[in-house]
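Residue strings, one per chain:
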Amino acid sequence: MESIVLFGPPGAGKGTQAQRIMESTGLPQVSTGDMLRAAVSAGTPTGVEAKKYMDAGLLVPDDVIIALIKDRIQEADAINGVMFDGFPRTIPQAEALAGITVVSHVIAIEVPDDKIVERICGRFTCADCSAVFHDLFNPTKIDGKCDTCGSGNFKRRADDNADTVMSRLNAYHEQTSPLAEWYQTKGIFHIINGDREIDQITEDILSALK
Ligand code: AP5
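Please read these numbers as outputs of a predicted model, since none were measured by experiment.

J.: Now, about the site of the ligand: what can you tell me, with residues and values included?
T.: The ligand sits among 36 residues. The nearest are T16, L58, R89, R123 and F133. Contacts to the ligand include K14, whose backbone N or O atom sits 2.9 Å from an oxygen atom. With respect to the ligand, the backbone of L58 contributes an N or O atom lying 2.6 Å from an oxygen atom. When the ligand sits alone it has 1000 Å² of accessible area, and the protein chains cover 96% of it. If you tally residues by element for the shell around the ligand, the top one is helix α2 (residues 32-42), at four residues. Broken down by class, the residue content of the shell around the ligand amounts to 16 nonpolar, eleven polar and nine charged.

What follows is the structure in structure tokens.
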């Protein structure tokens with residue numbers, strides 16, 4: 001089993017690209033952010049613990065995240081590997097991952113900090129199928145109707161505000177970006193310029209995965 005890691009700052013486009021490349025790779029998207037938000041909505045002990053960190057834009061403790069991932073990759077759809085979106089974010093998480101699956105590619109989507117805030121503050125998602133949109137950069141083709149499933153139910157994330165974004169960016173620079181060097185030494189790290197049209201980025205990611 002070989003897995004892919006999508007790596008990058010908040011709002012880099014990891015989720016957007018994951019949805020587009022899932023079809024080509026056949027690998028399911030495993031987003032720790034989505035798993036945590038589901039746990040928060042369900043009011044599970046993990047969700048209650050995670051919420052205070054997420055609301056503050058801080059990383060959830062490694063032991064909580066690693067336990068979630070260990071459970072998730074036992075599921076039937078993960079048998080041939082998965083596409084991790086937003087995991088790992090610390091060296092201990094990467095070390096734990098190395099013990100449970102082979103990572104064949106780390107796709108690092110790079111976007112300058114000054115573009116991140118406008119991306120995050122304009123994001124909305126379909127409440128029914130989780131397709132990701134943006135008020136200005138990636139609007140729905142028909143106003144008020146999801147391009148993917150036709151639903152008219154949209155939502156915005158509680159942590160998508162200018163204050164929390166700054167904390168999330170700090171967490172990225174302090175705790176997550178050191179992982180780039182860690183993966184570079186393994187020769188599986190592919191840098192993709194994420195400050196371009198969404199289609200061009202998808203094309204480059206698919207080439208890197210060949
Ligand atoms: P998580 O949900 O993973 O959030 P994140 O990493 O901050 O990433 P985002 O989901 O915000 O961004 P994205 O890169 O997926 O961008 P998107 O495609 O949506 O984590 C949330 C929280 O959970 C964390 O803060 C932490 O507390 C906790 N957590 C999660 N995982 C953890 C872990 N492993 N360890 C510890 N804690 C963890 O795009 C953003 C917007 O830009 C969209 O509106 C989109 O339409 C638009 N867009 C996309 N591409 C482009 C483009 N090329 N040009 C213009 N606009 C674009």
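Okay, back to it.
J.: With reference to specific residues and values, describe the sheet that holds strand β5 (residues 123-126).
T.: Taken in spatial order, the three strands line up as β6-β5-β7 in an open sheet, and their pairing is antiparallel. Two strands in the sheet have a free side with no partner beyond their single neighbour: β6 (132-134) and β7 (154-155).

J.: Describe the pattern of salt bridges, naming the residues involved and giving the relevant values.
T.: Tallying each qualifying case throughout the model produces 15 salt bridges. Residue R20 pairs with D199 through a salt bridge whose shortest N-O separation is 2.9 Å. Here the residue R20 occupies a position in helix α1 (residues 14-25), and D199 occupies one in helix α9 (residues 198-209), the gap between them amounting to 179 residues. Where R72 meets E75, a salt bridge forms, and the shortest distance between an N and an O atom there is 3.4 Å. The class of E75 is partly exposed, set by a relative accessible area of 42%. Taken together, the salt bridges that share partners define one network made up of R123, R157, D159, D160 and R168.

J.: Can you break down the pairing of strand β1 (residues 2-7) residue by residue, with the values?
T.: β1 sits mainly inside the fold: five of its six residues count as buried. With six bridges joining them, β1 and strand β4 (residues 102-110) adopt parallel strand pairing. Looking across to β4, one finds that V5 is bridged to V106. Bridge count for β1 against strand β3 (residues 83-85) is three bridges, and the pairing is parallel. What sits directly across from L6, in β3, is D85.

J.: Account for the nonpolar core, naming residues and giving values.
T.: V5, F7, F84, V106 and Y183 are the most contacted members of the largest nonpolar core, which has 28 residues in total. Within the residue set of this core, elements represented by two or more residues are β1, α3 (45-56), α4 (62-72), α5 (91-98), β4 and α8 (178-184). Setting aside residues up to four positions removed in sequence, V106 forms contacts with V5, F7, Y183, I188, F189 and H190. In terms of nonpolar packing, the next biggest core, distinct from the first, is built from 19 residues, L27, I107, V111 and A208 among them.

J.: Account for the packing of aromatic side chains, with residues named and values stated.
T.: Taken as a whole, this structure holds seven aromatic pairs when the rule is applied. Centroid distance F7 to Y172: 6.1 Å. Interplanar angle 55°. Geometry classified as tilted. Separated by 165 residues along the polypeptide, F7 in strand β1 and Y172 in helix α7 (residues 162-176) bring together distant segments of the chain. Y172 gets classed as buried once you look at its relative accessible area, which sits at 13%. Between F84 and F87 the ring centres are 5.4 Å apart and the planes differ by 55°, which places this aromatic pair in the tilted class. Across the pair, exposure class does not vary: F84 and F87 are buried alike. Across the ring face of W182, the terminal group of K186 is positioned such that the distance to the ring centre comes to 4.2 Å.

Criteria and cut-off values
- Residues numbered from 1 in each chain as written.
- Predicted model: local features only at pLDDT ≥ 70, side-chain atom pairs only at ≥ 80, totals over all residues.
- Heavy atoms only, no water.
- Near = heavy atom within 4 Å.
- Polar contact = N/O pair within 3.5 Å; in protein donor to acceptor, adjacent residues only side chain to side chain.
- Areas by Shrake-Rupley, 256 points an atom, 1.4 Å probe, with all protein chains shown as cover.
- Helix = DSSP H or I, 4+ residues; strand = E, 2+ residues; numbered from the N terminus.
- Nonpolar A, V, L, I, M, F, W, Y, C, P; charged D, E, K, R; others polar.
- Pairing = 2+ DSSP bridges.
- Salt bridge = Lys/Arg side-chain N within 4 Å of Asp/Glu carboxyl O.
- Buried < 20%, exposed > 50% of the residue type's maximum accessible area, 1.4 Å probe, protein only.
- Core = buried A, V, L, I, M, F, W, Y, C linked by side-chain atoms within 4.5 Å.
- Contact = heavy atoms within 4.5 Å.
- Phe/Tyr/Trp six-rings, centres within 6.5 Å; stacked < 30°, edge-to-face > 60°.
- Lys NZ or Arg CZ within 6 Å of the ring centre and 35° of its normal.

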